[in-house]
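Summary of the model geometry
Letter by letter, the chains look like this.
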Amino acid sequence: MLSYPSAPRIWWNAFTHLLYPQLCVACNASLTTSAHQCFCFKCRATIELVDFPFDNNEVIDRLWGRTRLDAAASLYYFRKKGPVQWALHHLKYGNQPDIGRRLGRLLGQKLYSSPLFQDVDCIVPVPLHPVKERQRGYNQSMAFALGLAEALHAPVLGNALVRNQFSASQTRKHRDERFQNVGEVFSAAQPKRLKGQHVLLVDDVLTTGATIEMCGNLIEQAGGRKLSVATIAVASLGKV
Ligand SMILES: [Zn+2]
């Protein structure tokens, strides 16, 4: 439950804002409001927020018959050349993992108020191939997972799943993976840690759902009790 900050807290926030101004995650404009916002007013005016029910929505429908989801949540709809695409671009290619953490905190605060997410046992980010993670310096889904973990008070299992396949293009990968055997792309490195757990699987953006399908099935095979999904953005099919 969020409560109104105390006066010293407000002054402290104002002070740190002067020293370290929070910037819009898309256009880098200085944010004039509290740290609970990630986009500036101008960007927010063009962003479409996701507000579907967590246990009955188009993401669950998209994965129907492919992997069993108990709940799915996302912050924004993905639109080409829109602020959300810019934020994801900065997060993945701009050496700004903090964007993922801020967005994770934002979604985590929303999820923590829902009974569907209050029993999450662990948070599992979709892994990058180790070579790609070394090149990038971090895994953007891990950054997002860390922000979610702060709000949900659940541990992040960063090594529960591993990616076996190196792919040059992240965007192309989402489509190609649909036609591949799961073992070629991912495997469960720590299945015992997933057994009996409510796992929150997290990724930056959901398009066809192929990545979530493969990782979700590995978690189910490991004996996961419940599977929920959280992404920063969800792309409507036909608009990606
Ligand atoms: Zn902006």
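Look a little higher up for the structure.
Before going into details, it helps to say that this report is about the structure given with it. Counting restarts for each chain, with residues numbered from 1 along the sequence as it is written. Given that this is a predicted model, residues contribute local features only at a pLDDT of at least 70 and side-chain atom pairs are listed and counted only at 80 or more, while totals for whole chains, interfaces and linings are drawn from all residues. Each side-chain value is worked out from all heavy atoms of the structure, with water and hydrogens disregarded.

Some thoughts on the environment of valine 199
- Here valine 199 is to be found in strand S5 (residues 198-206).
- Between the C-alpha atom of valine 199 and that of serine 228, which follows or precedes it by 29 residues, the distance is 6.2 Å.
- We call two residues in contact when some of their heavy atoms are within 4.5 Å. The residues contacting valine 199, other than those within four sequence positions of it, are Cys122, Val124, Leu194, Ile219, Lys226, Leu227 and Ser228. For helices the rule is a DSSP run of H or I covering at least 4 residues; for strands it is a run of E covering at least 2, with both sets numbered from the N terminus onward.

Re the sheet that holds strand S2 (residues 122-125)
- Here, any two strands with at least 2 DSSP bridges between them count as paired. Taken in spatial order, the four strands of this open sheet run S1-S6-S5-S2, and their pairing is parallel. Every other strand in the sheet has two partners, leaving strand S1 (71-77) and S2 as the edge strands with one partner each. Adjacent strand axes in the sheet meet at a mean angle of 20 degrees, parallel and antiparallel pairs treated alike.
- Two strands pair when backbone bridges link them, and S2 and S5 are joined in this way by four bridges, in the parallel orientation. From the neighbouring strand, valine 124 faces S5, where its bridge partner is leucine 201.
- This element, helix H4 (residues 83-93), spans S1, S5 and strand S6 (226-234) of the sheet and lies at about 105 degrees to S6.
- Comment: axis = line fitted to C-alpha atoms, over the contacting stretch for helices; angle = value between 0 and 180 degrees taken between N-to-C directions. Lying on the sheet, helix H7 (residues 140-152) is in contact with S2, S5 and S6; it crosses S5 at an angle near 135 degrees.

Here we look at the coordination of the zinc ion
- For Na, K and Ca the donor cut-off is 3.2 Å, while for other metals it is 2.8 Å, and in both cases only N, O and S atoms qualify; water is not among them, so sites may look incomplete. The protein atoms that coordinate the zinc ion are Cys24 (SG), Cys27 (SG), Cys40 (SG) and Cys43 (SG), at distances of 2.3 Å.
- By the criteria applied here, four donors are tetrahedral when all angles lie between 85 and 135 degrees, four are square planar and six octahedral when opposite donors are over 155 degrees apart and every other angle lies between 65 and 115, and any other arrangement is irregular. For the zinc ion, the four donor atoms in the first shell make angles of 104 to 116 degrees at the metal, so the coordination geometry reads as tetrahedral.
- All donors of the zinc ion belong to a single chain; written as a sequence motif, their spacing is C-x2-C-x12-C-x2-C.

Observations concerning the nonpolar core
- By nonpolar core we mean a set of buried residues, namely Ala, Val, Leu, Ile, Met, Phe, Trp, Tyr and Cys, connected to one another through side-chain atoms within 4.5 Å. Residue exposure (1.4 Å probe, protein chains only): buried if accessible area is under 20% of the type maximum, exposed if over 50%, otherwise partly exposed. Counting 39 residues, the largest nonpolar core has Phe39, Leu103, Leu111, Phe117, Ile123, Leu148 and Leu200 as its most contacted members.
- Breaking this core down by element, the ones donating at least two residues are S1, H4, helix H5 (97-112), H7, S5 and S6.
- Considering each element in turn, this core owes the most residues, five residues, to H7.
- Residues from two domains meet in this core; each of domain 1 (1-42) and domain 2 (46-234) gives at least three.
- Non-local contacts of leucine 111, meaning those with residues more than four positions away in its chain, are made with Phe54, Ala73, Phe117, Leu148, Leu152, Leu200 and Ala230.
- Counting residues in hydrophobic clusters, the runner-up holds 29 residues, among them Tyr77, Leu157, Ala160 and Ala222. Domain segmentation is taken from an automatic or database assignment of domains.

Here we look at the packing of H5 against H7
- At a minimum axis separation of 6 Å, H5 and H7 run at an interaxial angle of 35 degrees. Crossing geometry of H5 relative to H7 is assigned as right-handed. Of the residues in H7, those in contact with Pro97, Gly100, Arg101, Leu103, Gly104, Arg105, Leu107, Gly108, Gln109, Leu111 and Tyr112 of H5 are Ala143, Phe144, Leu146, Gly147, Leu148, Glu150, Ala151 and Leu152.
- Gly counts as polar in this scheme, as do all residues outside two lists: the nonpolar Ala, Val, Leu, Ile, Met, Phe, Trp, Tyr, Cys and Pro, and the charged Asp, Glu, Lys and Arg. Looking at the contact of H5 with H7 residue by residue, the classes come out as 11 nonpolar, five polar and three charged. Crossing chirality is assigned from the near helix's rotation relative to the far helix, an anticlockwise turn below a right angle marking it left-handed and a clockwise turn marking it right-handed.

Observations concerning the packing of aromatic side chains
- Any pair of Phe, Tyr and Trp rings, taking the six-membered ring for Trp, is counted once the centres come within 6.5 Å. Such a pair is stacked with planes under 30 degrees apart, edge-to-face with planes over 60 apart, and tilted for the rest. In this structure the tally under the stated criterion is two aromatic pairs.
- Look at phenylalanine 39 and tyrosine 76: their rings are 5.2 Å apart centre to centre, the planes differ by 85 degrees, and that puts the pair in the edge-to-face class. One end of the pair, phenylalanine 39, is in the loop between helix H1 (7-19) and helix H2 (41-44); the other, tyrosine 76, is in strand S1, with 37 residues separating them in the sequence. Here phenylalanine 39 matches tyrosine 76 in class, with each residue buried.
- Here the aromatic rings of phenylalanine 54 and phenylalanine 117 are separated by 5.3 Å at their centres, their planes lie at 90 degrees, and the arrangement is edge-to-face. Placement of the pair is phenylalanine 54 in the loop between H2 and helix H3 (58-62) and phenylalanine 117 in the loop between H5 and S2, with a sequence separation of 63 residues. For the pair phenylalanine 54 and phenylalanine 117, one class covers both residues: buried.
- Two conditions define a charge sitting above a ring: the NZ of Lys or the CZ of Arg must be within 6 Å of the ring centre, and it must be within 35 degrees of the ring normal. The residue whose ring lies beneath arginine 44 is phenylalanine 41, and the NZ or CZ to ring-centre distance is 4.6 Å.
- We note lysine 132 situated over the ring of phenylalanine 166; from NZ or CZ to the ring centre the distance is 5.3 Å.

Quick notes on the side chain of asparagine 139
- Along the chain, asparagine 139 falls in the loop between helix H6 (130-136) and H7.
- Within the structure, asparagine 139 has its side chain in polar contact with the backbone nitrogen of serine 141 (distance 2.9 Å).
- In contact with asparagine 139, other than residues within four places in its own chain, are Pro125, Val126, Pro127, Leu128 and Glu133. Residues adjacent in sequence count toward polar contacts only when both atoms are side-chain atoms; beyond that, a polar contact is any pair of N or O atoms within 3.5 Å, and within protein one must be able to donate a hydrogen and the other to accept it.

Spatial relationships are all this shows, so hold off on functional conclusions.
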